[in-house]
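Fold and geometry: a report
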Amino acid sequence: MPVTDPEVTGANETTGETGTTGETRTTWSVRDGLATLDEPAVLLKDALDAVFTRWGTEAGARQQSYPPLLRAEELSTLDYFRNFPHLGSPVTRIRPDRLAALAADPPGATALPAADLADPTHLLPSAACYGCFLHLSGTSADTPVLITTIAQCFRNEDHHDGLRRLWGFTMREIVCVGSAEVVRAHLDRHQERIAAFGTALGLTLDRQPATDPFFEKDGSRTVMQMLAPVKDEYLHTDGTAVASTNNHRNFFGERRGIRHQGRPAFTGCVAFGLERWVHALGDLFEGDLAAAHRAVRQRGERS
């Protein structure tokens, strides 16, 4: 019988292995919170994303992609550096006046000295929806706006744990912008869909209200305090949150001038951590990611 055998293979490195008769194959590996996926995991991840993307388009969402970097000055308008500065992954450049010195005396293997770097003006996204709300800044609509997007996201976690807890990961989101009632209906509809899809796969998902793990839980001004109640998570039996539904109320509408029918818009999103789904299904199918892939394609078509 195929089995998943996550193991530590070196410093800060774990792997997922599929055992078959006379053969053991590594299907994914993680080092320093950064994952490499082999073909079975890639195919499963893509099949899952196809299901969630279809849910978005069936709800009327248009597909969009956004820049891979976010401006620090725009994130400041969202209280990002008050609420979760611990998350930030700044992006910078080597200072022009340091290029010649670095070429003549390359740094050691571990890091570039901070003195050689310019002040960062951009950060990597920690959630896919930030790009969406920044793009919609200053817009107004009389009908609901639905968008689905995917992004490589980055969170400076205090520890890493295989595919369950990564520094860099893939997030698919389905975003709704409109009235409070429209946003609530959007979230309710996808809560039912997530539960039904999990049941069809044989995956036990426990829906729990949650404070977002990437918010500073003991901070004086968290987004959760401003927007509560905002979040439900869908937990695999080992506690891995594979999806969430998030009600931001009118926070982004007010902060970014996004309006619906002449008033600050309400917003909400449904989020899927794709590598976490690969982990949960690898656990359920005992490492047989090909079987998990077949199940997703079959049950996903009817979800």
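Let us look at the structure shown here. (Residues numbered from 1 in each chain as written. Predicted model: local features only at pLDDT ≥ 70, side-chain atom pairs only at ≥ 80, totals over all residues. Heavy atoms only, no water.)

Before going further, it helps to examine a nonpolar patch on the surface. Among the surface-exposed residues, Ile94, Leu99 and Leu112 lie close enough to one another that they form a single nonpolar patch of about 240 Å² accessible area. Tracing the backbone shows Leu112 in the loop between α4 (99-104) and β8 (122-123). (Patch = residues over 30% accessible without salt bridge, like charges linked within 9 Å, V, L, I, M, F, W, Y side chains within 5 Å. Areas by Shrake-Rupley, 256 points an atom, 1.4 Å probe, with all protein chains shown as cover. Salt bridge = Lys/Arg side-chain N within 4 Å of Asp/Glu carboxyl O. Helix = DSSP H or I, 4+ residues; strand = E, 2+ residues; numbered from the N terminus.)

Under the counting rule described, the total for this entry stands at 12 aromatic pairs. Summarising the aromatic geometry, the rings of Phe52 and Phe272 are spaced 3.9 Å apart at their centres and angled 5° between planes, so their arrangement reads as stacked. On the criterion of sequence distance, the pair formed by Phe52 in helix α1 (residues 39-58) and Phe272 in strand β17 (residues 266-273) is long-range, its members being 220 residues apart. Where Phe133 meets Phe252, the ring centres are 4.3 Å apart and the plane angle is 20°; that geometry is what we call stacked. On the criterion of sequence distance, the pair formed by Phe133 in helix α5 (residues 129-135) and Phe252 in helix α8 (residues 251-255) is long-range, its members being 119 residues apart. (Phe/Tyr/Trp six-rings, centres within 6.5 Å; stacked < 30°, edge-to-face > 60°.)

Glancing now at the sheet that holds strand β9 (residues 140-141). Read across the open sheet, the three strands follow the order β9-β15-β16; overall the sheet is mixed. Two strands bound the open sheet, and with one partner strand each, they are β9 and β16 (263-264). Alignment of β9 against strand β15 (residues 259-260), held across two bridges, turns out to be parallel. When the bridges of β15 are listed, Ala141 appears paired with His260. (Pairing = 2+ DSSP bridges.)

A few words now on the nonpolar core. If you look at the biggest cluster of nonpolar residues, it comprises 67 residues, and the most contacted ones within it are Leu48, Phe52, Tyr130, Phe197, Phe272, Trp277 and Val296. Other than its neighbours up to four places away in sequence, Trp277 contacts Leu48, Phe52, Phe197, Leu201, Leu203, Leu205, Val242, Ala243 and Phe272. (Core = buried A, V, L, I, M, F, W, Y, C linked by side-chain atoms within 4.5 Å. Buried < 20%, exposed > 50% of the residue type's maximum accessible area, 1.4 Å probe, protein only. Contact = heavy atoms within 4.5 Å.)

Under the counting rule described, the total for this entry stands at 16 salt bridges. A salt bridge links Glu58 to Arg54, with the shortest nitrogen-to-oxygen separation between them at 3.0 Å. Pair noted here: Glu58 and Arg54 are both in helix α1, with a separation of four residues, about one helical turn. A relative accessible area of 48% places Glu58 in the partly exposed class. Through salt bridges with shared partners, one network takes in Arg54, Glu58 and Arg193.

This brings us to α1. Relative to the 28 Å expected for 20 residues at 1.5 Å per residue, α1 spans 28 Å between its end C-alpha atoms, a close match to the ideal helical length. Turning to α1, its buried residues are Pro40, Ala41, Leu44, Lys45, Ala47, Leu48, Asp49, Val51, Phe52, Thr53, Trp55 and Gly56. (Expected span 1.5 Å × (residues − 1).)

Attention now moves to the state of the cysteines. The tally for this structure, following the rule as stated, stands at zero disulfides. Left without a disulfide partner, Cys269 is nearest to the cysteine sulfur of Cys129, which lies 4.4 Å away. (Disulfide = S-S within 2.5 Å.)

With respect to the element layout, Asp232 can be found in strand β13 (residues 231-235). Reaching out from Asp232, the side chain makes a polar contact with the side chain of Gln191 at a distance of 3.3 Å. Contacts of Asp232, omitting those with residues within four sequence positions, involve Gln191, Arg207, Gln208, Pro209, Ala243, Ser244 and Thr245. (Polar contact = N/O pair within 3.5 Å; in protein donor to acceptor, adjacent residues only side chain to side chain.)

Following both chains from N to C, one finds α1 and helix α9 (residues 274-284) inclined at 115°, their axes separated by 9 Å at the closest point. In the packing of α1 onto α9, the handedness of the crossing is right-handed. Mapping the contact onto sequence places Ala41, Leu44, Lys45, Leu48, Asp49 and Phe52 in α1 and Leu274, Glu275, Trp277, Val278 and Leu281 in α9. (Axes fitted to C-alpha atoms, helices over the stretch in contact; angles between N-to-C directions. Left-handed = near helix turned anticlockwise from the far one by under 90°.)

Trans peptide bonds make up the majority, and among non-glycine residues the majority have a negative phi. Notably, Asp32 is not glycine yet its phi reads approximately 55°, a positive angle. Relative to the assigned elements, Asp32 resides in the loop between β3 (23-31) and β4 (34-37). Residue classification places Asp32 among the partly exposed residues on the basis of a relative accessible area of 34%. Non-glycine residue Gln261 carries a positive phi angle of around 50°. By the element assignment, Gln261 lies in the loop between β15 and β16. Using a relative accessible area of 53% as the deciding quantity, one classes Gln261 as exposed.

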